[in-house]
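The chain contents come next:
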Amino acid sequence: MKKSNVFYSIWAIFSYQQQKQLENLKKKINKELKGPSFPIHMTISAGFFGKEKELINKMKLILNQLDQFYIELDNYDYKNTFFQSFYIKIKKNNELLSQKKILDNDFQCPTKLFLPHISLFYGNKSNIIKKEIISNLNSLNKIIKIENLCLAINDEQNLKWKIIKKFQI
């Protein structure tokens, strides 16, 4: 039996104003690079499976273990991978790592390297182009408060992502 390419993840999303600013930045970059459309977010935990209703109920139970927390935007960065092609790097802090540990344990997420980031572009473009775009962007030194988490469904093969339910923490 073939393993499904569709899986679930937990995303941090931002206040309305910060969400809008980041979305506008992503649109500006995508206008030049022309990547797929996706909601602006920071993935905390990913790669788990289950029935949607059960995952929603599990998330509701976990919420009393979680607190609002802050992330610090580090800088723009890029890699030569499709899903981490161009992004804002997030500094790891104890609050973020603590929330991730709770979510990973409760959702039995596969262990993998954690590179907290906010993707601005998915796709394959040369590093020269990415460096040029970075040179024309405003600097980042913002602290963002995380007040909401989302259960999202990911279909990376078909480049589709959907927020299933938003939870206030």
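Residues numbered from 1 in each chain as written. Predicted model: local features only at pLDDT ≥ 70, side-chain atom pairs only at ≥ 80, totals over all residues. Heavy atoms only, no water.

**Student:** Would you explain the environment of Leu97 in this entry?
**Tutor:** Mapping Leu97 onto the fold places it in helix H3 (residues 94-107). Distance from Leu97 to Pro116, taken between C-alpha atoms, is 9.7 Å for residues 19 residues apart in sequence. Excluding its chain neighbours within four sequence positions, the residues that come into contact with Leu97 are Lys92 and Phe114. (Helix = DSSP H or I, 4+ residues; strand = E, 2+ residues; numbered from the N terminus. Contact = heavy atoms within 4.5 Å.)

**Student:** Honestly, the packing of aromatic side chains in this entry has me stumped. Any pointers?
**Tutor:** Considering all chains together, one arrives at 9 aromatic pairs under this definition. Taking 6.5 Å as the distance between ring centres and 25 degrees as the angle between the ring planes, the aromatic pair formed by Tyr8 and Phe48 counts as stacked. Linking Tyr8 in strand E1 (residues 6-13) with Phe48 in strand E2 (residues 42-48), this pair joins segments that are 40 residues apart in sequence. A relative accessible area of 9% places Tyr8 in the buried class. Between the aromatic rings of Phe83 and Trp161, the centroid separation amounts to 6.2 Å while the plane-to-plane angle is 80 degrees, which identifies the pairing as edge-to-face. Here Phe83, found in the loop between strand E3 (69-78) and strand E4 (86-91), pairs with Trp161, found in strand E8 (residues 160-168); they are 78 residues apart in sequence, far enough to count as distant. You can call Phe83 partly exposed: its relative accessible area is 24%. For Trp161, a relative accessible area of 12% corresponds to the buried category. A cation over an aromatic ring shows up here: Lys100 above the ring of Phe114, its NZ or CZ 4.5 Å from the ring centre. (Phe/Tyr/Trp six-rings, centres within 6.5 Å; stacked < 30°, edge-to-face > 60°. Buried < 20%, exposed > 50% of the residue type's maximum accessible area, 1.4 Å probe, protein only. Lys NZ or Arg CZ within 6 Å of the ring centre and 35° of its normal.)

**Student:** How should I be thinking about H3 in this particular structure?
**Tutor:** For an α-helix the count is 3.6 residues per turn, leaving residues at separations of three or four pointing the same way. Helix length check: H3, at 14 residues, gives a terminal C-alpha distance of 20 Å against a target of 20 Å (1.5 Å per residue), a fit within 8%. Those residues of H3 lying buried are Leu96, Gln99, Lys100, Ile102, Leu103, Asp104 and Phe107. Elements that come into contact with the buried residues of H3 comprise E1, E2, helix H2 (52-62), E3, E4 and strand E7 (148-155). For H3, the side-chain oxygen to backbone nitrogen distance between the N-cap and Glu95 is 3.1 Å, and the N-cap itself is Asn93. (Expected span 1.5 Å × (residues − 1). Polar contact = N/O pair within 3.5 Å; in protein donor to acceptor, adjacent residues only side chain to side chain.)

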